[in-house]
Amino acid sequence: MTAARDVLRERLGLDRLAELRPGEFAAEVDLKQLPALADQAAGAGLRLATLFATDEGPTKGFAVHHLWAAREPPGFVRIWARVAADQARFPSLAARYPVANWFEREVMDYFGLVPEGHPNTFRVALHDDWPDGFWALRKAFADDQPVPRVPGNNPHPFRPVTGEGVFQVPVGPVHAGIIEPGHFRFGVAGEPVLYLQLRLFYVHKGIEKRFEKLPWRHGLFLAESISGDTAVGHALAYAHAIERLQGIEVPRRARYLRTVLLELERLYNHIADIGAIATDVAFTVPASRAQVLREGLVTIQERLFGSRLLRGTVALGGVKCELTLGRRKELLMHLDRLEPEFDDLIKLLIDSGTFTDRVDDTGILSNQAARDLGVVGMAGRASGLDLDLRRDQPHDAYAALRFQVPVEVGGDVRARLMVRAREVEQSLSILRQALQHLPEGQALAPLPDALPASSSALGWAEAWRGECLHWIQTDEEGRVARLKVTDPSFKNWPALGRAVPGNILPDFPVINKSFNLSYSGNDR
Amino acid sequence: MFSILSKSLKTGIVTKKDPFSSRPPFGFPVIDFKACTGCDDCVTVCPTAALQTDRPAADRKTLSLSYALCIQCRECVEACPERAIHPGRELEVAAYSREQLTQRASFDVDGTGRASFRGMEALPGPSLEESAAKLKERIKGRLGRSLHVRQVDAGSCNGCELEIIATANPVFDLERFGIHFVASPRHADVLLVTGPVTRNMEIALRRTYEATPEPRVVVAVGACGCSGGIFGEGTYASLGGVDRIVPVDVYVPGCPPRPHAILNGLLVAMGIREAHSGPGGGETAPEPVSAGAPNLRRPLIPVLARGTPE
């Protein structure tokens, strides 16, 4: 345990680094030290996983937290500093570490803390008509009241376009398909896209504030609704945070069942996405076939777990579902039938020249851009970023299971498709291992009635889209004082703005679908 | 090409003949109010206040259950010490108002605090039949047998979108009922709106509604679209149910509602199927149900008999 701490202390030059619990380290530093420590951490090979602020109360001011992920030794390192209430500013990292860009502006929007030295201090999360001086995540904010609208208060700066034949194409927030709302502004010269600007946060539901208001046991259901397609991923991240906070050991059987649930979620989403990519290049036969495979999965999920989208299956302290031997066999048989069908589907796609012509070299996200923007998960792995918390910082039963992390280097739509296809193979293998070696015993550990006071913990899970992080902090009475949700989409959306320019506008839908980012998870 | 054809022939037809034939393991909770002792355990565990209790007088108590708010988490079923809450298996729940999705029972409370069932309370507002007639009158002769639907996500978590997309998959195949999703509100007869309506989507939703030609029927989908759900109503960011912003004709509760339920809601909006709001429905007392086999289904107008292809 302490060996890892000592290694990290030495690498970061941080003697005060404490080990809160296995895999979780923290150190308070002076605000001015944050940029130098960021350089130190990045130099030591750590990556910035999330950045957020907390309101420490009327007398103590605020705090800014940088959470770094270390691969070797594995762990999350939270370096944080206090911000005096009358100062309300903190040094920005965004110029050197672009991954910090949206995070710092979100801190600015919701806490009113100014990131000093940030190259672009326009609002990211707040919309134009949000009045000045209303900071939703400060404790003093009246969250149960509507906020007045001030039309045109802070117009979003869209890039002007000039020149003959060059024009802008505004799209959204209400889109043509059945998808979530967001606004895209394309600068185009005929068909080729010159640039893409994103205007998101249309579905900001105040989720982080809501966590502070709901009883912590009910927070699990809110976590399931952060992004409906990642119900298990976020529920697990939340449950891990609560369990780590309380020091609860989750029974082995529950850990295996959670793995089964998370992999099933990966499976149905990846298969649906592969079909949707085919839809977006008008290749309807494989699209329909993928929809049928996906429907087969969610139907059996409903039969076995009571919910098509696996809601209400993860519980704090374990799982709320049971898998008898017969049902396990049924699921295994379903997977055995699915596998050759899925192989046929992939073969149909990649053997078709009309299909590969549309996806090869389309929407390339370079390895450098992915690295700079801190892209995570499936999209990162398709651009050569070999990251996966299931292997790097295993949760649930992953440490006991054998699997590979597929990585592609192309960074195009094809690469994102192939990473999904290969992950489906791996998921099938993980599911078979977990189902065949499902330990006997309890699947739910009893939880204490209260959360420890003035404490904090991090929960994480590698969901199908990428890492979901939940950082929880409690106040002196053990209530939830802050819950920071980091959905993989928040880090991956800016990558879309890098992958689209240079392509033609009609390829935008398929590029967008190949990332399939969550608006709700991003906007929260 | 040959492989595509042979595969398709081998696969055959996957579309369900009757999409409404299956029963889920869990739909909405069904309360046997006669067995309720008023301990309020279910009210405490409910994360969305779908279960609420009130004490109008020292010896009186009410317990209400709203399917508009229910996220189908099953916590109440597990929490009830009297086992008075059963897992309902009702699928096709839809109604014309929030009240029609609510049941309220009143109880006498004795000196020890124990409650005993008095009867179901009538809730204000029109009955399902009255509402159905009113909607039929409004759309009379204007929709025919086809329906063009514009989906609007006014703030959902995307769970409802996944299930709306599923209604169009080869298994449910809503196009056989003459229902099509269209790309613009100007082409739409119906707005299928998911919620909660966020502050940042309020204006876009209003504008979409205004851009839709009459009779512009609005179907609110999901617990959040019906009531704000887990995100609440009237917070700084979540304004709540769709009806807070635009008039809603049909409510399809659930978290998320299953594709069958969404399909049913659309057919209710077309006047082809009867709305059905589960036991009670704000009008009648529920029949006692036994666990595992509750059957509270009303006769359905057979859709297939109307000449729709299978």
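> With reference to specific residues and values, describe the overall build of chain A.
In terms of helices and strands, chain A carries 17 helices and 15 strands. Taken over the C-alpha trace, chain A has a radius of gyration of 23 Å; the compact-globule value for 524 residues is 24 Å, and the two agree within 12%. For chain A, the spread of C-alpha atoms along the three principal axes comes to 70 × 65 × 45 Å. Counting only contacts in chain A whose residues sit at least 6 apart along the sequence, the fraction spanning at least 24 positions is 66%.

> Provide a residue-level description of the interface of chain A and chain B, including the pertinent values.
Each partner contributes residues to the interface: chain A has 45 residues there, and chain B has 47 residues. Of all the secondary-structure elements, those providing two or more residues to the side of chain A that touches chain B are α5 (219–224), α8 (284–305) and α9 (325–350) of chain A. Sorting elements by how many residues they give to the side of chain A that touches chain B places α8(A) first, with 7 residues. By residue class, the composition of the side of chain A that touches chain B is 19 nonpolar, 14 polar and 12 charged.

> I'd love a proper account of the environment of B:E233, names of residues and values included.
Residues and elements named next belong to chain B. You can see E233 is positioned in the loop between α7 (222–227) and β12 (238–240). We classify E233 as partly exposed; it has 19 C-beta atoms within 10 Å. Expressed as a C-alpha distance, the spacing of E233 and R244, which sit 11 residues apart in the sequence, is 9.2 Å. With sequence-adjacent residues up to four places away left out, E233 is seen in contact with S227, G228, S238, G240 and G241.

> Report on the pairing of strand β2 (residues 24–29) of chain A, specifying residues and quantitative values.
Residue and element names in this part refer to chain A. Relative to β2, strand β1 (residues 18–21) runs antiparallel, the two sharing 3 bridges. Directly across from R21, in β2, lies its bridge partner E24. Hairpin remark: β1 followed by β2, antiparallel, with 2 residues in the connecting loop; positive phi at G23, about 80°.

> How would you summarise the nonpolar core if you had to cite specific residues and measurements?
B:V193, B:V219 and B:L266 are the most contacted members of the largest nonpolar core, which totals 253 residues. Top contributing element to this core by residue count: helix α7 (residues 252–280) of chain A, with 15 residues. Sequence-distant contacts of B:L266, defined by excluding residues within four places in its chain, comprise B:L147, B:V149, B:I179, B:V190 and B:V219.

> Tell me about the domain arrangement of chain A, and please be specific about residues and values.
Residues and elements named next belong to chain A. We note that the domain assignment places domain 1 (2–116), domain 2 (166–199) and domain 3 (207–516) within chain A. The C-alpha-based centres of domain 2 and domain 3 are spaced at 27 Å. Between domain 2 and domain 3, the residue contacts involve 11 residues of the former and 10 residues of the latter. Within the residue set of the side of domain 2 that touches domain 3, elements represented by two or more residues are β9 (183–189) and β10 (193–199). With 6 residues, β10 is the single largest residue contributor to the side of domain 2 that touches domain 3. Its residues assigned to classes, the side of domain 2 that touches domain 3 shows 9 nonpolar, 1 polar and 1 charged.

> Run through the confidence of the model for chain B, naming residues and quoting values.
Averaged over all residues, the pLDDT of chain B is 85; the fraction at 70 or higher stands at 90%. Counting interchain partners and residues more than four positions distant, the pLDDT-below-50 stretch residues 280–310 of chain B has 51 contacts.

> Which residues make up the packing of helix α14 (residues 413–436) of chain A against helix α16 (residues 508–515) of chain A, and what are the values?
Residues and elements named next belong to chain A. Look at α14 against α16: their axes get within 9 Å of each other, and the N-to-C directions meet at 35°. By crossing handedness, the relation of α14 to α16 is classed as left-handed. Residues V413, R416 and L417 of α14 touch α16, and the partners they reach there are V510, I511, S514 and F515. Class assignment for the residues of the contact of α14 with α16 results in 5 nonpolar, 1 polar and 1 charged.

Cut-offs used in this document
Residues numbered from 1 in each chain as written. Chains lettered and ligands numbered in written order. Predicted model: local features only at pLDDT ≥ 70, side-chain atom pairs only at ≥ 80, totals over all residues. Helix = DSSP H or I, 4+ residues; strand = E, 2+ residues; numbered from the N terminus. Rg over C-alpha atoms; globule rule 2.2 N^0.38 Å. Contact = placed C-beta atoms within 7 Å. Nonpolar A, V, L, I, M, F, W, Y, C, P; charged D, E, K, R; others polar. Buried ≥ 20, exposed ≤ 12 C-beta atoms within 10 Å, placed from the backbone. Pairing = 2+ DSSP bridges. Core = buried A, V, L, I, M, F, W, Y, C linked by C-beta atoms within 7 Å. Domains from an automatic or database assignment. pLDDT = per-residue confidence, 0-100. Axes fitted to C-alpha atoms, helices over the stretch in contact; angles between N-to-C directions. Left-handed = near helix turned anticlockwise from the far one by under 90°.

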